[in-house]
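Residue-level structure breakdown
Residue strings, one per chain:
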Amino acid sequence: MSSDQNRDAEQIGKSANDQKALMRQNARKTAADEAALQSSGTGQSMWGGRFGGGPSAIMQEINASIGFDKRLYREDIAGSKAHADMLAACGIISSDDQDAIQAGLSQVQAEIEAGEMVFDPALEDIHMHVESRLRELVGDAGARLHTGRSRNDQVATDFRLWCRSAIDQLDTAYAQLLAEIIEQADRYAGAVMPGFTHLQTAQPVTLGHHLMAYYEMFSRDRGRLADCRKRLNENPLGAAALAGTSFPLDREQTSKALGFDRPMANSLDAVSARDFAMELLSTLSIGAVHLSRLADEIVLWATSAFKFLTLSDGFSTGSSIMPQKRNPDAAELVRAKVGRIIGAQNALMIVMKGLPLAYSKDMQEDKEPVFKAVDDLALCLAAMTGMMADLKPNTDQMAAAAGQGFSTATDLADWLVRILGLPFRDAHHVTGAVVKAAEDAGVDLWDLPLDAMQAVEPKITKDIYDVLSVDASVNSRTSFGGTAPTNVKKAVSAARTALQQEPKS
């Protein structure tokens, strides 16, 4: 058979498979619609018994959450499996029903992951989609699954499971970023650069020390995520709608099966609490601010005014009209994403403000901001990790800039205190006068003649020149947490060891 015939055969086979998949989807949608109508006469198979008519199209649109909560399908099925096992263990459903439910839920998950599930707004959310399809597959056994639970505790459980998984994934992403920071800090532990306050040259530091400041920030971000995970890791399942249930549930069993530390102690709190999501968004907001600060420095350092670093083609873009441009767009977008993430935090806090206990439909608006914020931060972490591994510092330019702006003036003041015994405030005044003399002469501090310094303070000796160079300045900052290269090397070593010794997930 020729290559053209092979391609034709493959295309025909692909088309046939596509047609079969479409037929399965249409058949399943028709069956679901018929089951819903037959069950309630309203098109709402789960709750329609109370109603004589169906919801309007607008009501259906505003009420449905399947467009975004379908990403909870794994958590919903895991929670349902744990619930079914518990119901059977407590004698509430039979072992046959348990087996049928477990097999059916596994099939539902396989269908969703294969793209075969038709998501229908008439079924509102992922919970009703899973349950509806389960009932199609296993009949009455599927209808018994909802015994002793409500969508209220079900969604709270799913959402906590999803947030816990998201935290674990973000923590891994943070660890990867920290590993790149450690490597760059080690590589440039002795590379001098200007340290800034008010974006004015203040004192010389090293690039390694500067990067390790972000290591500390991002490590605290990881700590906040870990704290958030501890607090959210409680199980709402079994709280039912708001008051608990009369069925003899074993909530400890479902907690253990789902990896929760304990069942939530109050049924009202279990279904209505969203502080875990607000805490997560707060943590993401702080992390995004830290990423934005580093991104902004990358943007500044990449400008022609600074020339401190160069980003590769992989994290830069060009201009449609100016061919010479290399734009640090990845850093700029990381800098910008913080607005969306803080916006998500504000959105959820406003939704929850003033809500009476227990559940209100307002709380359906809890998931979209969290989903989007997690997605945004994960993307920012990946982008920053790539940029950190990729950036090429211009150490000569950094070193030249480090000596500008009389950056070693504080070293002069410290010498006056340490050697001449001047009170620091007096030394500060003397140093200011010496700096003015250098400024008037148009020279750096280390080039100002000794007699010019002695005109301000006669006790100054030629030994002052030993502390006025940039290298002498950074090497002298050996106090704990200081910028001396020996300190940076120790900090890098400790950080690398700590990261390597973390338990692998």
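In the block above lies the structure referred to throughout.
Residues numbered from 1 in each chain as written. Predicted model: local features only at pLDDT ≥ 70, side-chain atom pairs only at ≥ 80, totals over all residues. Heavy atoms only, no water.

Notes on the packing of helix 4 (residues 73-89) against helix 8 (residues 151-187)
Here helix 4 crosses helix 8 at 120°, and the two axes come no closer than 9 Å. It follows that helix 4 is oblique to helix 8 by the angle criterion. The two elements helix 4 and helix 8 cross, and the hand of that crossing is right-handed. Judged by residue contacts, E75, D76 and S80 of helix 4 engage Q154, D158, L161 and W162 from helix 8. (Axes fitted to C-alpha atoms, helices over the stretch in contact; angles between N-to-C directions. Helix = DSSP H or I, 4+ residues; strand = E, 2+ residues; numbered from the N terminus. Parallel < 35°, antiparallel > 145°, perpendicular 65-115°, else oblique. Left-handed = near helix turned anticlockwise from the far one by under 90°. Contact = heavy atoms within 4.5 Å.)

Quick notes on the nonpolar core
If you look at the biggest cluster of nonpolar residues, it comprises 94 residues, and the most contacted ones within it are F218, L280, L284, L291, V370, L377 and M384. The leading source of residues in this core is helix 8, at 14 residues. Residues in contact with L284, not counting those within four places in the same chain, are L170, L225, I341, A373, V374 and L377. Core analysis: the next-biggest nonpolar cluster, separate from the first, contains 19 residues, A438, L448, I460 and I464 among them. (Core = buried A, V, L, I, M, F, W, Y, C linked by side-chain atoms within 4.5 Å. Buried < 20%, exposed > 50% of the residue type's maximum accessible area, 1.4 Å probe, protein only.)

Focus on unusual backbone geometry
Phi is mostly negative for residues that are not glycine, and the peptide bonds are mostly trans. For the bond running from L357 to A358, omega is 5°, close enough to zero to count as cis. Mapping A358 onto the fold places it in the loop between helix 13 (329-352) and helix 14 (367-390). The phi dihedral of E124 is positive, around 65°, even though this residue is not glycine.

A look at the pairing of strand 1 (residues 192-197)
Judged from the 6 bridges that link them, strand 1 and strand 2 (residues 200-206) form a sheet pairing that is antiparallel. Residue pairing for strand 2: F196 is matched across the bridge by T201. Count of turn residues in the strand 1/strand 2 antiparallel hairpin: 2 residues, of which H198 carries a positive phi of about 60°. (Pairing = 2+ DSSP bridges.)

What about the pattern of salt bridges?
By the definition in use, this model includes 25 salt bridges. One salt bridge in this structure joins R133 and E111, with 2.8 Å as the shortest N-O distance. Note that R133 is positioned in helix 6 (residues 126-138) and E111 in helix 5 (residues 95-113), a separation of 22 residues in sequence. Summarising the burial analysis for this pair, R133 and E111 share the class buried. R262 is paired through a salt bridge with E234; the nearest N and O atoms lie 3.2 Å apart. In this pair, R262 sits in strand 4 (residues 262-263) while E234 sits in strand 3 (residues 234-235), placing the two residues 28 residues apart along the sequence. By relative accessible area, R262 is classed as partly exposed at 39%. (Salt bridge = Lys/Arg side-chain N within 4 Å of Asp/Glu carboxyl O.)

Quick look at helix 20 (residues 485-500)
With 16 residues, helix 20 extends 22 Å from end C-alpha to end C-alpha; this agrees with the ideal 22 Å at 1.5 Å per step. Turning to helix 20, its buried residues are P485, N487, V488, V492, A495 and L499. Buried residues of helix 20, seen end-on, are gathered within an arc of 145° and therefore sit on one face of the element. Summarising the geometry of helix 20, the exposed residues directed more than 90 degrees from the buried face are K490 and Q500. Where the residues of helix 20 are buried, they touch helix 8, strand 2, helix 9 (207-232) and helix 19 (470-476). (Expected span 1.5 Å × (residues − 1). Arc of directions from axis to C-beta.)

Points about the side chain of D221
Position of D221 among the secondary structure elements: in helix 9. The residues touching D221, leaving out its near neighbours within four places in the chain, are Y174, T283, I286, G287 and H290.

Re the environment of A240
Position of A240 relative to the elements: it lies in the loop between strand 3 and helix 10 (251-258). On the accessibility criterion, A240 (9% relative accessible area) is buried. A C-alpha to C-alpha distance of 6.5 Å links A240 and N152, two positions 88 residues apart in sequence. When near neighbours in sequence (up to four residues on either side) are disregarded, A240 contacts G148, R149, S150, N152, D153, T245 and V271.

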